[in-house]
Amino acid sequence: MRMITFLLVGLIVHVVFFLSIFDIYFTSPLVHGMTPQVTPLAPPASRLVLVVGDGLRADSLFTLLPNGSSRAPYLRSVIEEKGTWGVSHTRVPTESRPGHVALIAGFYEDVSAIAKGWKENPVEFDSVFNETRHTWSWGSPDILPMFAKGASGDHVYTHTYPAAEEDFASTDASRLDTWVFTQVKSFFQSAKSNSSLRASLLEDENIFFLHLLGLDTNGHAHRPMSQEYLENIGLVDAGVAELVSMVEDFFGHDGRTAYVFTSDHGMTNWGSHGAGHPSETLTPLVVWGAGVHSAHKVTEPQPYTDGFLQDWKLEHLRRVDVNQADIAPLMASLIGVPFPVNSVGVLPVLYLNNSDHFKAESMYTNAIQVLEQYKIKMTQKKETTLSFLFTPYQLLTESKQSEFIHKAKILIQLEKYEDTISLCRSLIAHALEGLAYYHTYDRFFLGCSVVLGFVGWTSYVVLVILKTHANLNRRPSLLQQIPGHALVRLCLCVTVVITVFLLIQRSPVTYYVYCLLPVPLWYSVLKESGTLTDLIRSAPSLPLWKCFGYFVLVSFGIELLVVSFFHRAMLTVGLAILSLWPFLSGLYVKAKFRSVSWCVGCLCLAAFPLMPVVGREPNIHLVTFAGLLTIFTSACYLWSSRRRTTLHVSDRQQFVTQMLHVAVCAYIPSLTHSSLQQKQGLPLFNQIISWTTLASSMLVPLLSSTRLFHRLLSIFLSLTGTYLLLSTGSEALFPPVLSWLMFVWINIEQEAMLAQGVSGRQELSTIDFSANIDIAKIRQLKLDDIRRSYFFVFFIITAFFGTGNIASINSFDPASVYCFLTVFNPFIMGGLMMWKVIIPFIIVMCTFETIQVVTQLSSRSLFLIVLVISDLMALHFFFLVQDYGSWLDIGTSISHYVIVMSMTIFLMVLSVVTHILTSQRLILWRPKMHFP
């Protein structure tokens, strides 16, 4: 099989393995076809006002100032006199879209939906807004359209400001909140003279939704401890006070309005959110008005051990914590609309100031609404599973469902309302467990299929390595003598059996892919099994102890890399061990300076995984220093190599231009940071330079000479310029240090080749990437090549986790992209952050490409070993994926598998890109030809 075909097949196989995790863990939990459930008694409120302070932390609102006053005096007075308060616990990922979906629709959106956009509805879902008679909303264009689009009919009205207003560099982002309050004020003013609007407002089952984005924008731009953020809280508080007064006046103080004030997520001290830190997951909840308990004073200790009650001076007032999804059924109950059919929230009855009968009926409605989802899910799974294979959820079989419902109805008739509420809570808990049970019903079956495919693919790659790149004693094997049609028949029979089984079960199309993929893979393995026979036959002539030693070391190395995903400090341990390699292998005797340089390079790089990944304060001076270090090391190299290789005039001009460009890129972040601090916005010149640098970063190296180190230096300078523009602190030093180590690695690998007597010394600076490789010089694989491949995988992981981890990827901090844009755009910002992650990848990939040339190996052979190591890691993480524990643990375990699989797929694509980047040259103009 030719290399291109093999790469394409490998790419398809890995894409299937990558997508399988989404079918196994990320399928939408939503079901459709449920009957909406509504409490049969009259509701306490006719209308509800929902105010969401985007990015507002619980402690920022509840903590008193040093003088004992509150920065939100109105909301504090509500808590102390006429409302019920608590902490709303959000789930990871703590982003705006999933937070609002949990608040308004009552369920936690699956990650696959979150990834598809802030404004779109990847899956249709019901919400409290959809169930109302009318909903009027004001706020961000990123949030409001999501609920209007999902609503049936046209009763959800949105009023949004232009997206360009969401600017992190704006002089004062609180104007976004001022805009909302002003619009609401003018809306009620116009209703006084608009009879049709007034008539709509006076109807029941209405919601007014105010989305206040100023806090989130100020938090990102200035941090939550800044004066801007804290003053914004005061502005919101004053706005809410004026809003309540205005609403009460409009409706004649009829006592039929309920108010809910909360937040979608919090924010870390360093101005990011997305992960599971308490500052991100703890949000305030204050509810007051019609149907809500007024402040309930308590004297006995409350069942909370987090110490917040004492910190916030609220230990004398009852605190009622909820899960974020519980707010949706609370709002539905207050205004008497059906509970959102997809809601998994549990009604927090302690907020309700109504009869025990109303509370019991509301709780019963909540239980039936959740049970309806369970019934649909169970029916769907029963219909698509063979009857003798179907195992129902034992705690909630059809007979037990009837028993629960019957018992609840009797308890309501007997007026045992407390018992009814307790029973309904138990029923909801069982129904939610049952929903999870049926949602993950096929997980084991699919997991086995994917593992079979994984093992088959890895086995096949190992056999290909042994067959084409290893010296084995080859003899005609028994399997090769047997006609292949018997194997083909066996595989066809297995394919038919699997297909029929899946057809009977009416399985989705993707199930066919996961279950049938192992068949051709194992067919290929069995077809190549003659190579295994050759290996066994060659065993007596192989250095078995040496082979075993390499196997143990690589196994230990893979485990070290797996652990490094959880604990970045393990990369420091690994780099410390790698720094000893020249001394342990004897290379130090032959190349002292290079060995010491390797050791120092490894130890310098080892410092980066020990640095904090989130919560770093910007240090622009380090970015400038990194730029100067890059220019200094480049100048030193050019000066030291001037005798060995002559530099063409055009190349010299290009290097000088690139070094000057790096100097500009090192200064731009400082200029931008200063401009933003002075609230003058992002200078247009800086923006033009940044985008031009990004656009040209992959093209400029193609203009330089294809001589080995000349091309590598051009790539390094070009990519470092972009990296500096995306840096805010110590991470800017990472590419120069990594590049230095990669330079030493190339040199020391040549010494390792000489030590093994594989080749004569060739001056590295004379090697040309574009020269045709002499096929006669390409050698077979040796055991030491496993070590080279492992080094490459180790450096790739270090390139990824050297300056970050899962938390830093999940936590959204836009400060890194301020040189490019300051107006909120999650996809452009995310793309720029991804490019920042990819730059160290490219540096390591180009080094690996160079080492293949220097060590006279075909690019395919080393890459196959890398593929095996990566796949073993991916299989490891596949088994570590979990669906229990905290949401952060679940998300992290899945993220690890996704990262390794993405890395493997990405390396396949990047190997082609780096080959072009190192070996191709663009000639923009040709010298004029003179004819006599």
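This one's a predicted model, so the numbers in the text were calculated from it and none came from an experiment.

## As for the overall build of the chain
Phase 1 of the analysis: In terms of helices and strands, the chain carries 38 helices and eight strands.
Phase 2 of the analysis: For the chain, the residues scored as buried account for 56% of the 932 residues in total.
Phase 3 of the analysis: Summarising the internal contacts of the chain: among those between residues at least 6 apart in sequence, 79% fall at separations of at least 24.
Phase 4 of the analysis: Carbon and sulfur atoms provide 64% of the accessible area of the chain, an area that totals close to 39200 Å².

## Points about the packing of aromatic side chains
Phase 1 of the analysis: The full count for this structure, using the stated rule, is 56 aromatic pairs.
Phase 2 of the analysis: Consider the rings of Phe17 and Phe454, whose centres lie 4.4 Å apart with planes at 20 degrees: the pair is stacked. A residue pair is termed long-range when its members are at least 10 positions apart, and Phe17 in helix H1 (residues 3-25) and Phe454 in helix H18 (residues 443-469) qualify at 437 residues. For the pair shown, Phe17 and Phe454 are each scored as buried.
Phase 3 of the analysis: Through a chain of ring-to-ring contacts, the aromatic side chains of Trp136, Trp138, Tyr157, Phe187, Phe188, Phe208, Phe250 and Phe251 assemble into a single cluster.

## What to know about helix H32 (residues 708-725)
Phase 1 of the analysis: With 18 residues, H32 extends 27 Å from end C-alpha to end C-alpha; this agrees with the ideal 26 Å at 1.5 Å per step.
Phase 2 of the analysis: With 18 of 18 residues buried, H32 is to be regarded as a mostly interior element.

## Thoughts on the pattern of salt bridges
Close approach of charged atoms allows side chains of opposite charge to pair.
Phase 1 of the analysis: Counted by the stated rule, this structure contains 15 salt bridges.
Phase 2 of the analysis: Put simply, Asp204 and Arg133 hold a salt bridge, and the shortest N to O gap is 2.9 Å. Here Asp204, found in the loop between helix H9 (195-201) and strand S5 (206-212), pairs with Arg133, found in the loop between helix H6 (128-131) and strand S3 (134-139); they are 71 residues apart in sequence, far enough to count as distant.
Phase 3 of the analysis: Measuring nitrogen to oxygen at the nearest pair gives 2.9 Å for the salt bridge that ties Glu751 to Arg594.

## Quick word on the sheet that holds strand S6 (residues 257-262)
Phase 1 of the analysis: Sheet architecture is open: eight strands sit in the order S4-S3-S5-S1-S6-S7-S2-S8, paired in mixed fashion. The sheet is open, and its two borders are formed by strand S4 (156-160) and strand S8 (322-323), each paired with just one other strand.
Phase 2 of the analysis: Note: S3 against S5, five bridges, orientation parallel. Along S5, the bridge assignment pairs Trp136 with Phe208.
Phase 3 of the analysis: Packing against the sheet, helix H11 (residues 227-250) makes contact with strand S1 (47-53), S5, S6 and strand S7 (282-289), and its axis sits at approximately 170 degrees to S6.

## A closer look at the nonpolar core
Phase 1 of the analysis: If you look at the biggest cluster of nonpolar residues, it comprises 144 residues, and the most contacted ones within it are Phe17, Trp598, Phe792, Phe795 and Met873.
Phase 2 of the analysis: Top contributing element to this core by residue count: helix H36 (residues 826-854), with 14 residues.
Phase 3 of the analysis: Those residues within four positions of Phe792 in sequence are excluded, and the remaining contacts are Trp745, Val844, Met845, Phe848, Val866 and Leu907.
Phase 4 of the analysis: The next biggest cluster of nonpolar side chains, apart from the first, holds 69 residues, and it includes Leu48, Val128, Phe147 and Val320.

## Let's talk about the pairing of S1
For a regular strand, side chains alternate in direction, first toward one face of the sheet and then toward the other.
Phase 1 of the analysis: Along S1, seven of the seven residues are buried, which leaves the element largely enclosed by surrounding structure.
Phase 2 of the analysis: Of the two faces of S1, the one lined by Arg47, Val49, Val51 and Gly53 and the one lined by Leu48, Leu50 and Val52 are each fully buried.
Phase 3 of the analysis: Of the strand pairs in this sheet, S1 and S5 are connected by seven bridges, and their pairing is parallel. In the strand pairing of S5, Val51 is matched with Leu210.
Phase 4 of the analysis: In this sheet, S6 lies alongside S1 in parallel orientation, the contact comprising six bridges. When the sheet's bridge partners are listed, Val51 is paired in S6 with Phe261.

## Topic: a nonpolar patch on the surface
Phase 1 of the analysis: Taken together, the side chains of Leu580, Phe583, Leu584, Val596 and Val600 make up a nonpolar region of the molecular surface, amounting to roughly 460 Å² of accessible area.
Phase 2 of the analysis: Elements supplying a minimum of two residues to the nonpolar patch: helix H26 (581-585) and helix H28 (592-605).

## Some remarks on the confidence of the model for the chain
Phase 1 of the analysis: Looking at the chain, pLDDT values average 86 and 89% of them are 70 or higher.
Phase 2 of the analysis: Across residues 477-482 the pLDDT falls below 50, and counting only partners more than four positions away or on other chains, this stretch makes six contacts in the model.
Phase 3 of the analysis: In this model residues 928-932 is a low-confidence stretch, pLDDT under 50, and it forms zero contacts with partners more than four residues away in sequence or in other chains.

## Some thoughts on the packing of helix H10 (residues 214-222) against H11
Phase 1 of the analysis: It is at 9 Å that the axes of H10 and H11 come closest, and there the two elements cross at 170 degrees. Relative to H11, the element H10 is oriented roughly antiparallel. Within the contact between the two elements, H10 uses Gly214, Leu215, Asn218, Gly219 and His222 and H11 uses Glu228, Tyr229, Asn232, Ile233 and Val236.
Phase 2 of the analysis: Looking at the contact of H10 with H11, its residues break down into four nonpolar, five polar and one charged.

## A short note on the side chain of Asn366
Phase 1 of the analysis: Inspection of the secondary structure puts Asn366 in helix H15 (residues 356-383).
Phase 2 of the analysis: Among residues more than four places away in sequence, those in contact with Asn366 are Pro329, Phe339, Gly345, Val346, Leu347 and Ile428.

## Considerations on unusual backbone geometry
For residues besides glycine, phi is generally negative; the peptide bonds are generally trans as well.
Phase 1 of the analysis: With a phi close to 60 degrees, Glu205 is a non-glycine residue in the positive phi region.
Phase 2 of the analysis: Tracing the chain through its elements places Glu205 in the loop between H9 and S5.
Phase 3 of the analysis: Phi at Arg506 is positive, roughly 50 degrees, even though this residue is not glycine.
Phase 4 of the analysis: Relative accessible area serves as the criterion here: at 55%, Arg506 is assigned to the exposed category.

## Some remarks on the side chain of Thr918
Phase 1 of the analysis: For Thr918, the position within the fold is in helix H38 (residues 887-919).
Phase 2 of the analysis: A polar side-chain atom of Thr918 sits 2.8 Å from the main-chain carbonyl oxygen of Thr914.
Phase 3 of the analysis: Once residues within four sequence positions are removed from consideration, Thr918 is found in contact with Thr706, Arg711, Ile715, Phe769, Cys846 and Glu849.

## Let's talk about the environment of Glu80
Phase 1 of the analysis: You can see Glu80 is positioned in helix H3 (residues 73-82).
Phase 2 of the analysis: Looking at Glu80, the relative accessible area reads 30%, which means it is partly exposed.
Phase 3 of the analysis: In this structure the C-alpha to C-alpha distance between Glu80 and Lys297, which are 217 residues apart in sequence, comes to 8.7 Å.
Phase 4 of the analysis: Once residues within four sequence positions are removed from consideration, Glu80 is found in contact with Ala295, Lys297 and Leu317.

## Notes on the pairing of strand S2 (residues 83-89)
Phase 1 of the analysis: Counting buried residues along S2, six of its seven residues qualify, which places the element largely inside the surrounding structure.
Phase 2 of the analysis: With seven bridges joining them, S2 and S7 adopt antiparallel strand pairing. Within S7, the position partnered with Gly83 by the bridge is Trp288.
Phase 3 of the analysis: For S2 and S8, the ladder comprises two bridges, and the chain directions are parallel. Note on S8: the bridge partner recorded for Ser88 is Val322.

## Some remarks on the environment of Ser690
Phase 1 of the analysis: Assignment of secondary structure puts Ser690 in helix H31 (residues 684-696).
Phase 2 of the analysis: Leave out the neighbours within four places in its chain, and Ser690 touches Ile668, Leu725, Cys819 and Phe820.
Phase 3 of the analysis: Within the local environment of Ser690, its side chain forms a polar contact with the backbone oxygen of Cys819, the two atoms lying 3.0 Å apart.

## Some thoughts on the state of the cysteines
Phase 1 of the analysis: Scanning the entire structure with this criterion turns up zero disulfides.
Phase 2 of the analysis: Of the cysteine sulfurs around Cys599, a residue in no disulfide, the closest is that of Cys602, at 7.1 Å.

Procedures and definitions
Residues numbered from 1 in each chain as written. Predicted model: local features only at pLDDT ≥ 70, side-chain atom pairs only at ≥ 80, totals over all residues. Heavy atoms only, no water. Helix = DSSP H or I, 4+ residues; strand = E, 2+ residues; numbered from the N terminus. Buried < 20%, exposed > 50% of the residue type's maximum accessible area, 1.4 Å probe, protein only. Contact = heavy atoms within 4.5 Å. Areas by Shrake-Rupley, 256 points an atom, 1.4 Å probe, with all protein chains shown as cover. Phe/Tyr/Trp six-rings, centres within 6.5 Å; stacked < 30°, edge-to-face > 60°. Expected span 1.5 Å × (residues − 1). Salt bridge = Lys/Arg side-chain N within 4 Å of Asp/Glu carboxyl O. Pairing = 2+ DSSP bridges. Axes fitted to C-alpha atoms, helices over the stretch in contact; angles between N-to-C directions. Core = buried A, V, L, I, M, F, W, Y, C linked by side-chain atoms within 4.5 Å. Patch = residues over 30% accessible without salt bridge, like charges linked within 9 Å, V, L, I, M, F, W, Y side chains within 5 Å. pLDDT = per-residue confidence, 0-100. Parallel < 35°, antiparallel > 145°, perpendicular 65-115°, else oblique. Nonpolar A, V, L, I, M, F, W, Y, C, P; charged D, E, K, R; others polar. Polar contact = N/O pair within 3.5 Å; in protein donor to acceptor, adjacent residues only side chain to side chain. Disulfide = S-S within 2.5 Å.

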